[in-house]
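Coordinate analysis (summary)
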Amino acid sequence: MGDINLISALKWRYATKKMNGNQIPQEQLENILEAVHLAPSSFGLAPFTVVVVKDPAIKAALLPHCYNQPQITGSSALLVFAPWKNITVQHVDEYMAEIASTRGIPVETLAEFSGMLKGKVSNTPAADLHTWAAKQAYIALGFGLVAAALEKIDSTPMEGFNPAGVDEVLGLDKKGLASACILALGYRNAENDYLANATKVRRSKAEFFIQ
Ligand SMILES: Cc1cc2nc3c(=O)[nH]c(=O)nc-3n(C[C@H](O)[C@H](O)[C@H](O)COP(=O)(O)O)c2cc1C
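Note that the structure is a prediction, hence the values are computed from the model and not measured. (Residues numbered from 1 in each chain as written. Predicted model: local features only at pLDDT ≥ 70, side-chain atom pairs only at ≥ 80, totals over all residues.)

Here we look at the nonpolar core
We apply this condition: Remark: nonpolar core denotes a set of buried Ala, Val, Leu, Ile, Met, Phe, Trp, Tyr and Cys residues whose joining runs through C-beta atoms within 7 Å. With C-beta atoms placed from the backbone, a residue is labelled by how many other C-beta atoms lie within 10 Å of its own: buried for 20 or more, exposed for 12 or fewer, partly exposed between the two. Helix and strand definitions follow DSSP, with helices as H or I runs of at least four residues and strands as E runs of at least two, each counted in order from the N terminus. Contact between two residues is assigned whenever their backbone-derived C-beta positions fall within 7 Å.
In terms of nonpolar packing, the biggest core is built from 45 residues, with Leu79, Val80, Phe81, Ile182 and Leu185 touching the most fellow members. Every element with two or more residues in this core is listed here: α2 (26-37), β1 (48-53), β2 (77-83), α6 (111-123), α7 (126-150), α8 (163-170) and β4 (181-186). The element best represented in this core is α7, accounting for 9 residues. Look past the residues within four positions of Ile182 in its chain and what remains in contact with it is Leu78, Leu79, Val80, Met158 and Phe161.

Written out as structure tokens, the structure reads:
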């Protein structure tokens, strides 16, 4: 049986174009971050980092690189999803060590899994690995969107920005990261947002699903 609260939250949410600048409670932000953190990823590697931006000065610096979209400065927080530019065997080793310590098992028991993952990482071109990492980041973006809706926090998923500019402002390049998408979190400015009361547009389920 479907969860009616989930569906009504998803009907309530919309890609907010104008936010009112009010701050969201830290506890609710933490819940959204926790949902993002719990997102699944291929092999569990989670090859991306999420930068949380709350500082108004940094948001202002990001604005021109985001086509001056007002959600950037009107938000309470921005989550910048930044896939790793390179995935290396060292990342795999670190991940294996994390599994071993979390589950209290000898790292040697993970040799087969580790070898398989290292093979993939070593035999895939860096650009393809980056695309793969970005796909994982988008799943986490989705988790953040759903969590925000359940918290009754407005949000905007965004890829309307110049990644090079955003990377420069946030110093991502030297951290081996490259921005892929942003989740703006805050509260809708309903009076000034033409989409606040607009009916959702989706293709009919008959067309959307083959079943
Ligand atoms: C990956 C992605 C990138 C998007 N980029 C932007 C953006 O830069 N600015 C914006 O206002 N909306 C952006 N959107 C929002 C979409 O336009 C919106 O989700 C879509 O029109 C469906 O409307 P709804 O989310 O209100 O249901 C983006 C959505 C996704 C999923």
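Quick notes on the environment of Phe113
Here Phe113 is to be found in helix α6. Phe113 sits in the partly exposed class, given 15 other C-beta atoms within 10 Å. Separated by 70 residues in sequence, Phe113 and Phe43 have C-alpha atoms that sit 9.2 Å apart.

Points about the packing of helix α5 (residues 89-103) against α6
Where we set the bar: With axes taken as lines fitted to C-alpha atoms, and helix axes fitted only over the stretch in contact, angles between N-to-C directions fall between 0 and 180 degrees. For classification purposes, an angle smaller than 35 degrees is called roughly parallel, one larger than 145 roughly antiparallel, one from 65 to 115 roughly perpendicular, and anything else oblique. Here a crossing is called left-handed whenever its near helix is offset anticlockwise from the far helix by less than a right angle, and right-handed whenever the offset is clockwise. Charged means Asp, Glu, Lys or Arg here, nonpolar means Ala, Val, Leu, Ile, Met, Phe, Trp, Tyr, Cys or Pro, and polar covers whatever is left, Gly included.
Contact geometry of α5 with α6 gives a least axis separation of 9 Å together with a crossing angle of 155°. By the criterion of interaxial angle, the relationship of α5 to α6 is roughly antiparallel. Handedness of the α5/α6 crossing: right-handed. Taken together, the residues of α6 that come into contact with α5 (itself represented by Val89, Val92 and Met96) are Ser114, Leu117, Lys118, Val121 and Ser122. Along the lines of polarity and charge, the residues of the contact of α5 with α6 split into 5 nonpolar, 2 polar and 1 charged.

Thoughts on the site of the ligand
This is how it is decided: Using a C-beta atom placed from the backbone, a residue is scored as near a molecule or strand whenever that atom is within 6 Å of it.
Around the ligand, the surrounding shell consists of Tyr14, Ala15, Lys17, Gln69, Thr156, Pro157, Met158, Glu159, Gly160, Cys181 and Lys200. Residues belonging to the shell around the ligand are distributed by class as follows: 5 nonpolar, 3 polar and 3 charged.

Notes on the environment of Leu79
Relative to the elements of secondary structure, Leu79 occurs in strand β2. Distance from Leu79 to Pro157, taken between C-alpha atoms, is 9.5 Å for residues 78 residues apart in sequence. Excluding its chain neighbours within four sequence positions, the residues that come into contact with Leu79 are Val36, Val50, Val52, Gly144, Ile182, Leu183 and Leu185.

Points about the environment of Ile32
As for its position among the elements, Ile32 is in helix α2. What Ile32 contacts, discounting residues up to four positions off in sequence, is Gly144, Ala147, Ala148, Glu151, Ile153 and Leu185.

Description of the packing of α2 against α7
The relative placement of two packed helices is expressed as an angle between their axes plus a distance between the axes. At their nearest, the axes of α2 and α7 sit 8 Å apart, and the two run at 145° to each other. By crossing handedness, the relation of α2 to α7 is classed as right-handed. Residues Asn31, Ile32, Ala35 and Val36 of α2 pack against Ala140, Phe143, Gly144, Ala147 and Ala148 of α7. Of the residues assigned to the contact of α2 with α7, the class counts are 7 nonpolar, 2 polar and no charged.

Looking at the pairing of β2
Note the following rule: The rule for pairing is simple: two strands pair if DSSP sees at least two bridges between them.
For β2, a buried count of 7 out of 7 residues is recorded, marking the element as mostly surrounded by other parts of the structure. Of the two faces of β2, the one holding Ala77, Leu79, Phe81 and Pro83 and the one holding Leu78, Val80 and Ala82 are both buried throughout. Of the pairings in the sheet, the one linking β1 to β2 comprises 6 bridges and is antiparallel in character. Bridge pairing in β2 links Val52 to Leu79. Sheet analysis places β2 next to β4, joined by 5 bridges and oriented antiparallel. The partner of Leu78 across the bridge, within β4, is Ala184.

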